[in-house]
Amino acid sequence: MAEPRKNKSAQFDLTATPPVAERRPSKKITHGRVLDDPYAWLAAGNWRDVLRDPKTLPEDIAALVRAEKDYCAKVVAPLRDLRLTLVKELRGRIKEDDADVPDNDGSFAYYGRFRERAEHPIFCRTPRGGGPETVLLDGEALAEGREFFDIGGTAHSPDHAQLAWSLDDKGSELYAIRTRSLSDGKDRPDIVTDTDGSVVWSADSTAFYYVRVDENHRTAQVFRHEIGADPSSDRLIVEEKDGAWFVCLEESRCRRFAIVAIRGHDASECWLVDLRDAKAPPRLVAKREPKLRYDVEPHGDVLYIHNNADDADDFRISVAPLAAPERANWRDVVAHRAGAMIVTFTVYARFLVWVVRENSLPSIVVRDLATNEDHAIAFAEEAYALGLDAGLEFDTTTLRFVYASMTTPDETYDYDMATRSRVLRKRQEIPSGHDPKNYVTRRLHAIAPDDERVPITLLHRADFSPGGEGAPLLLYGYGAYGHSLAADFDEDALSLVDRGFVYALAHVRGGTDKGWHWYETGKLEKKTNTFTDFIACARHLIATGYTRQGAIVAQGASAGGMLMGAILNEAPELFAGAIAGVPFVDVLNTMLRDDLPLTPPEWLEWGNPIANAEVYDRIASYSPYDNLRAQRYPPILSIAGVTDPRVTYWEPLKWVAKLRATMTGGGPVLLHTHMGAGHGGAPGRFEALEDTALEYAFAIACARGAE
């Protein structure tokens with residue numbers, strides 16, 4: 001057992017004794033390679049049952065989870081007052097009676113809002129021109145007495161007389177869909193269970209379409225449910241039998257179709273379901289091809305297609321006849337331009353809109369379909385984020401978008417696409433006060449080992465200047481699945497920045513921050529670029545005087561948790577600590593289990609070690625759990641959830657156990673597991689602050705310990 005590091009500032013109670021997980025012999029042979037894993041027993045054989053009821057977790061495993069949680073609580077006990085202060089600060093930045101900007105649809109305006117002190121929203125509507133409010137769904141009242149409560153979504157029917165809503169009450173992302181009549185507000189008895197929460201109504205409001213989740217927690221089928229009918233009689237509409245593909249469902253902007261998108265990690269396939277004709281069979285747009293990704297939006301007699309066909313790596317927009325949408329009939333209307341990635345698009349009756357990201361910065365482009373004239377909406381800050389809100393109505397000139405930067409709270413605008421004028425509808429309110437002039441955001445670039453320029457976005461106080469010993473710094477990273485890090489406003493981070501931290505985002509490969517190639521060069525055989533990029537960012541921030549070696553707290557979650565594990569194995573001396581949320585750290589074992597929810601779909605992200613010995617060796621060379629070393633590690637905090645279907649609870653549990661048994665010094669190594677929550681942690685807006693306060697108190701303690 002490694003000896004914990006002495007903490008100079010006594011920020012942690014290091015007198016507590018960490019749990020010691022039992023080692024039970026377990027060997028697995030694949031391609032002649034022997035995988036010795038004495039902690040394999042921590043993966044419950046009844047994991048499917050645990051997702052539905054965490055109380056079914058075997059007692060020997062549950063006892064260790066509780067012991068880890070108790071140990072974490074004892075070690076961080078000296079941080080109690082700091083955590084309470086942080087919770088108060090974090091809550092003070094939340095407008096307790098916050099409300100969405102209403103979204104017009106026909107005769108009504110729909111929105112969500114919060115009551116003061118409420119954890120969960122209520123969903124409401126008013127007459128479009130103003131008038132009395134009607135509460136359609138009271139999330140706070142429905143959540144009473146439940147340990148976990150998360151509304152997946154709401155959808156009113158086209159006739160505005162009904163509401164469908166979905167609920168996850170375990171944290172396992174298994175949503176039950178209910179419908180209620182808005183005349184009396186009562187839910188009907190025909191509850192559809194085991195869904196992903198998405199709902200698309202039929203045009204006549206007598207039925208809805210939904211996605212069913214199978215026994216391995218994969219979205220594989222779309223069904224049609226008739227209101228009032230027994231769900232066991234629901235009709236199958238589309239089915240995907242290959243476990244490597246996920247089924248997604250959404251309503252088209254014109255509301256004529258449900259769009260069924262079947263997605264793999266490098267390709268997609270779309271089907272159109274006619275919402276006006278229950279008997280019409282689903283129509284395939286273009287059959288799947290390797291590396292072909294596309295999304296669609298119908299518009300009258302044509303189909304708009306956002307796609308990467310013919311080596312359009314950063315995507316283009318094409319059109320095809322709705323009656324003949326196959327690939328051969330695609331014709332470009334927005335050409336591909338390398339380095340200018342078309343991130344998303346939408347279409348209105350008279351306008352085509354898309355978001356393009358170039359040099360890591362987004363802009364919105366609007367095309368008048370009558371004149372084919374384009375114009376862009378851009379902003380002047382050095383780093384910022386844009387979000388597109390397409391709204392509920394198709395025949396409108398109003399486009400809603402949200403602008404923010406790391407210094408500027410969210411600003412919601414309604415933009416008139418015809419007159420090119422904008423109206424500020426809402427500015428995020430920070431009740432405890434916020435002056436953007438007190439902060440500075442910067443964009444830097446680190447040089448990776450292969451000479452790529454890796455963007456870094458920074459936030460710090462305006463009275464800080466780099467140089468000397470620099471400042472404590474939190475460096476956040478992700479780098480997977482093409483997910484980019486937006487340089488948006490994070491009010492929580494101010495609790496660190498106001499205490500002298502620099503807050504930084506590392507836009508490492510594996511995301512699409514610099515276009516699609518940025519993703520392609522951070523996956524499969526090039527996955528280690530993600531890790532070396534992050535380390536290069538840390539070294540650059542040290543070299544430029546923003547911080548110093550041993551004063552950086554690294555943070556990442558999910559696949560970003562794998563990044564944390566990898567960089568700690570490779571360069572632990574750079575970091576004062578690390579925060580790994582729901583960390584995907586047992587990569588090899590997980591990719592060897594084709595029964596787990598995400599394994600077959602993710603072989604295109606990491607590789608399939610079952611089928612290929614070379615892939616096995618490659619994953620084994622970087623999987624954090626399999627590369628722990630007899631070396632000193634900085635303090636580490638991991639937060640997990642027992643009902644997490646994405647990163648199973650046992651990954652961080654095994655990792656922590658093996659870390660303590662392998663490391664020669666440093667620590668402490670802490671694990672806090674929610675017994676009744678999943679991948680997203682606590683769902684309540686104030687409940688979630690407890691985890692944030694724990695993470696930030698841990699980061700502050702690590703920084704003080706490094707002084």
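What counts and what doesn't
- Residues numbered from 1 in each chain as written.
- Predicted model: local features only at pLDDT ≥ 70, side-chain atom pairs only at ≥ 80, totals over all residues.
- Heavy atoms only, no water.
- Helix = DSSP H or I, 4+ residues; strand = E, 2+ residues; numbered from the N terminus.
- Rg over C-alpha atoms; globule rule 2.2 N^0.38 Å.
- Buried < 20%, exposed > 50% of the residue type's maximum accessible area, 1.4 Å probe, protein only.
- Contact = heavy atoms within 4.5 Å.
- Areas by Shrake-Rupley, 256 points an atom, 1.4 Å probe, with all protein chains shown as cover.
- Lys, Arg positive; Asp, Glu negative; His and termini not counted.
- Charge placed at Lys NZ, Arg CZ, Asp CG, Glu CD.
- Pairing = 2+ DSSP bridges.
- Axes fitted to C-alpha atoms, helices over the stretch in contact; angles between N-to-C directions.
- Salt bridge = Lys/Arg side-chain N within 4 Å of Asp/Glu carboxyl O.
- Polar contact = N/O pair within 3.5 Å; in protein donor to acceptor, adjacent residues only side chain to side chain.
- Phe/Tyr/Trp six-rings, centres within 6.5 Å; stacked < 30°, edge-to-face > 60°.
- Core = buried A, V, L, I, M, F, W, Y, C linked by side-chain atoms within 4.5 Å.
- Parallel < 35°, antiparallel > 145°, perpendicular 65-115°, else oblique.
- Left-handed = near helix turned anticlockwise from the far one by under 90°.
- Nonpolar A, V, L, I, M, F, W, Y, C, P; charged D, E, K, R; others polar.
- pLDDT = per-residue confidence, 0-100.

A. Representation of the overall build of the protein. When helices and strands are counted, the protein shows 13 helices and 41 strands. Over its C-alpha trace the protein gives a radius of gyration of 25 Å, about what one expects of a compact globule, namely 27 Å for 707 residues. The buried share of the protein, reckoned over its 707 residues, is 58%. For the protein, the share of sequence-separated contacts (at least 6 apart) that also reach a separation of at least 24 residues comes to 57%. Only carbon and sulfur atoms are counted for the fraction: they give 48% of the accessible area of the protein, which is about 27600 Å². On the protein, the mean spot of the 83 positive side-chain charges and the mean spot of the 107 negative ones are 2 Å from each other.

B. Structural detail: the sheet that holds strand 6 (residues 122-127). One open sheet accounts for four strands, arranged 4-5-6-7; its pairing is antiparallel. Edge positions in the open sheet fall to strand 4 (103-105) and strand 7 (134-138), since each of these has one partner strand only. The mean angle between the axes of side-by-side strands here comes to 25°, regardless of whether they run parallel or antiparallel. The sheet contact formed by strand 4 and strand 5 (residues 108-113) spans three bridges and is antiparallel. Bridge pairing in strand 5 places N104 opposite A109.

C. A look at the sheet that holds strand 27 (residues 373-377). Taken in spatial order, the four strands make up an open sheet running 24-25-26-27, and their pairing is antiparallel. A single partner strand is all that each edge strand has here, and the edge strands are strand 24 (340-347) and strand 27. Taking each pair of neighbouring strands and ignoring which way they run, the sheet shows an average axis angle of 25°. For strand 24 and strand 25 (residues 351-358), the ladder comprises seven bridges, and the chain directions are antiparallel. Bridge assignment links V347 to a residue of strand 25, and that residue is L352.

D. Region of the structure containing the side chain of D644. Take D644: it is sitting in the loop between strand 39 (636-641) and helix 12 (650-662). Here D644 occupies a buried position and makes no salt bridge, while the nearest side chain of opposite charge, R646, is found at 5.6 Å. A polar contact of 2.8 Å, which involves the side chain of D644, links it to the backbone nitrogen of R646. Looking at D644, its side chain comes within polar contact range of the main-chain nitrogen of V647, at 3.1 Å.

E. Quick peek at the pairing of strand 24. With six of eight residues buried, strand 24 lies mostly within the body of the structure. Following strand 24, the chain reverses through three residues before pairing antiparallel with strand 25.

F. Representation of the environment of N308 in the model. You can see N308 is positioned in the loop between strand 21 (302-307) and strand 22 (316-321). Residues N308 and K170, spaced 138 residues apart in sequence, show a C-alpha to C-alpha distance of 38 Å. Beyond its immediate sequence surroundings of up to four residues, N308 is in contact with K291, L292, R293 and F315. A polar side-chain atom of N308 sits 2.8 Å from the main-chain amide nitrogen of R293.

G. Representation of the pattern of salt bridges within the structure. By the definition in use, this model includes 49 salt bridges. A salt bridge links R367 to D374; its shortest N-O distance comes to 2.6 Å. The partly exposed category is assigned to D374, whose relative accessible area is 36%. Measuring nitrogen to oxygen at the nearest pair gives 3.8 Å for the salt bridge that ties R539 to E573. With R539 in helix 7 (residues 528-543) and E573 in the loop between helix 8 (559-570) and strand 37 (575-581), the pair connects residues that are 34 residues apart, well separated along the chain. Each of E289, D310, R316, R327 and D332 takes part in salt bridges that share partners, so that together they form one network.

H. Local environment of the packing of aromatic side chains. The tally for this structure, following the rule as stated, stands at 21 aromatic pairs. Taken together, a centroid distance of 6.0 Å and an interplanar angle of 70° make the contact between W201 and F208 edge-to-face. Like W201, the residue F208 is buried in the burial classification. Ring geometry for Y384 against Y403: centres 5.6 Å apart, planes inclined by 40°, an arrangement best described as tilted. A residue pair is termed long-range when its members are at least 10 positions apart, and Y384 in the loop between strand 27 and strand 28 (385-389) and Y403 in strand 29 (residues 398-404) qualify at 19 residues.

I. Highlighting the environment of D488. Within the secondary structure, D488 is located in the loop between strand 34 (473-477) and helix 5 (494-497). Every residue in contact with D488, bar those within four places of it in the chain, is listed here: A385, A404, S405 and M406.

J. Main features of the nonpolar core. Residues L57, L475, F534, L541, I567, F575 and W655 are the most contacted members of the largest nonpolar core, which totals 130 residues. A total of 11 residues in this core trace back to one element, the largest contributor, which is helix 13 (residues 687-705). When near neighbours in sequence (up to four residues on either side) are disregarded, W655 contacts G565, A580, P583, V585, P624, Y625, L628, I636 and S638.

K. Spotlight on the packing of helix 7 against helix 8. Between helix 7 and helix 8, whose axes approach to 9 Å, the crossing angle comes to 65°. Here helix 7 lies roughly perpendicular to helix 8, going by the angle between them. For helix 7 against helix 8, the interelement crossing comes out right-handed. Between helix 7 and helix 8, the contacting residues are T530, F531, F534 and I535 on the first element and L563, M564, A566, I567 and E570 on the second. Residues that form the contact of helix 7 with helix 8 fall into these classes: seven nonpolar, one polar and one charged.

L. Representation of the packing of helix 2 (residues 59-75) against helix 12. Taken N-terminus to C-terminus, the directions of helix 2 and helix 12 make an angle of 65°; their axes are 11 Å apart at the nearest point. In this view, helix 2 runs roughly perpendicular relative to helix 12, as classed from their interaxial angle. In terms of crossing hand, the pair formed by helix 2 and helix 12 is left-handed. Residue-level contacts link I61, L64, V65, E68 and Y71 of helix 2 to L653, V656 and R660 of helix 12. Here the residues of the contact of helix 2 with helix 12 sort into six nonpolar, no polar and two charged.

M. Looking closely at the confidence of the model for the protein. The predicted model of the protein averages 96 in pLDDT, with 99% of residues at 70 or higher. Confidence over residues 1-9 falls short of pLDDT 50; this stretch has 26 contacts with residues more than four positions distant or in other chains.

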